[in-house]
Amino acid sequence: MFQLLVTGQMWPDIGASMQRSASGFAISVLVAIPLGFLTAWSPRVRRVLDPVMQFMRNTPTLALYPVFILVFGLGELSKVAIIFWGGVWPVLMNTVEGVNRTDPLLIKSGRSMGASPLTLFFRIILPSALPFIFTGIRLSASRSIIILVAAEMLGADKGLGFLIFSSEQNYKVEQMYAGIIVLILLGVLVNFLLVRWEKRITRWKQEISGS
């Protein structure tokens, strides 16, 4: 692993994998959070979308990869799309759960004090749902890396998943384990950064708990 990193042989694979996973993950977060708030806040939207969401999120993501290849081809788009598909559901479902877990008494109190819908959202609903949202984001990030590896084993010419698969096929055991270890380290690093980000954003909650 040290030799591959020092000589630069592994950096193109790391860059390709991070670009794919980051793109799919970012799109899933940007889509899931607004859709989750809309689903939880509007009974009409929830009646329409909830059965679809329950069906889709229980469908094995990797089982749909041949469908994504059929629709988007073997290029980058199919890989980003399958990562998005696998990563969107944890964030979406946790956002809905976070909004539903908001204390109704706080919402009634805000309305009785004349708070506008935007004030209710930014002052009560969003802060209450943030811990659930971050849980979904962390789950989505880990799933994005797992799905990425499987996606890169088919129809890719670079990436950590491709490196692991090709090394295994060519009996380069040292390279295979090097790729696996780098993936583990990247997963730990991403989770660490997300936890730090969550603590910084929800510092007010920790201060209240401490007091």
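From a predicted model like this one, the values you see are computed outputs, not experimental measurements.

Trainee: What should I look at first to understand the UniProt feature "transmembrane region" (unreviewed entry) in the protein in this one?
Mentor: UniProt feature "transmembrane region" (unreviewed entry): in the numbering of this structure it lies at residues 20-41, 62-92, 112-133, 145-165 and 177-195. Between the end C-alpha atoms of residues 145-165 there is a gap of 15 Å, over a span that is 67% helix and 0% strand. In this annotation, residues 177-195 is assigned 100% helix and 0% strand; the end-to-end C-alpha distance for the span is 27 Å.

Trainee: Sorry, what's going on with the nonpolar core here?
Mentor: For soluble globular proteins, nonpolar side chains are generally found buried alongside one another. Grouped together as the largest cluster of nonpolar side chains are 34 residues, with contacts concentrated most on Ile82 and Ile137. Listing elements by their share of this core, those giving two or more residues are helix H2 (11-41), helix H4 (65-72), helix H5 (76-100) and helix H7 (117-152). Those residues in contact with Ile137, other than ones at most four positions away along the chain, are Phe25, Val29, Val91 and Leu194. Ranked by size, the runner-up nonpolar core spans 13 residues in total, among them Ile145, Leu163, Ile164 and Met176.

Trainee: How should the packing of helix H6 (residues 104-112) against H7 be read in this particular structure?
Mentor: Think of two packed helices as two axes; the pair is described by the angle between the axes and how far apart they sit. Their axes nearest at 10 Å, the elements H6 and H7 cross at an angle of 150°. The angle between H6 and H7 falls in the class roughly antiparallel. The hand of the H6/H7 crossing is right-handed. Judged by residue contacts, Leu106, Ile107, Gly110 and Arg111 of H6 engage Leu120, Ile124 and Ile125 from H7.

Here is what the cut-offs are and how they apply
Residues numbered from 1 in each chain as written. Predicted model: local features only at pLDDT ≥ 70, side-chain atom pairs only at ≥ 80, totals over all residues. Heavy atoms only, no water. UniProt positions renumbered as here; feature names shortened; annotations may be inferred. Helix = DSSP H or I, 4+ residues; strand = E, 2+ residues; numbered from the N terminus. Core = buried A, V, L, I, M, F, W, Y, C linked by side-chain atoms within 4.5 Å. Buried < 20%, exposed > 50% of the residue type's maximum accessible area, 1.4 Å probe, protein only. Contact = heavy atoms within 4.5 Å. Axes fitted to C-alpha atoms, helices over the stretch in contact; angles between N-to-C directions. Parallel < 35°, antiparallel > 145°, perpendicular 65-115°, else oblique. Left-handed = near helix turned anticlockwise from the far one by under 90°.

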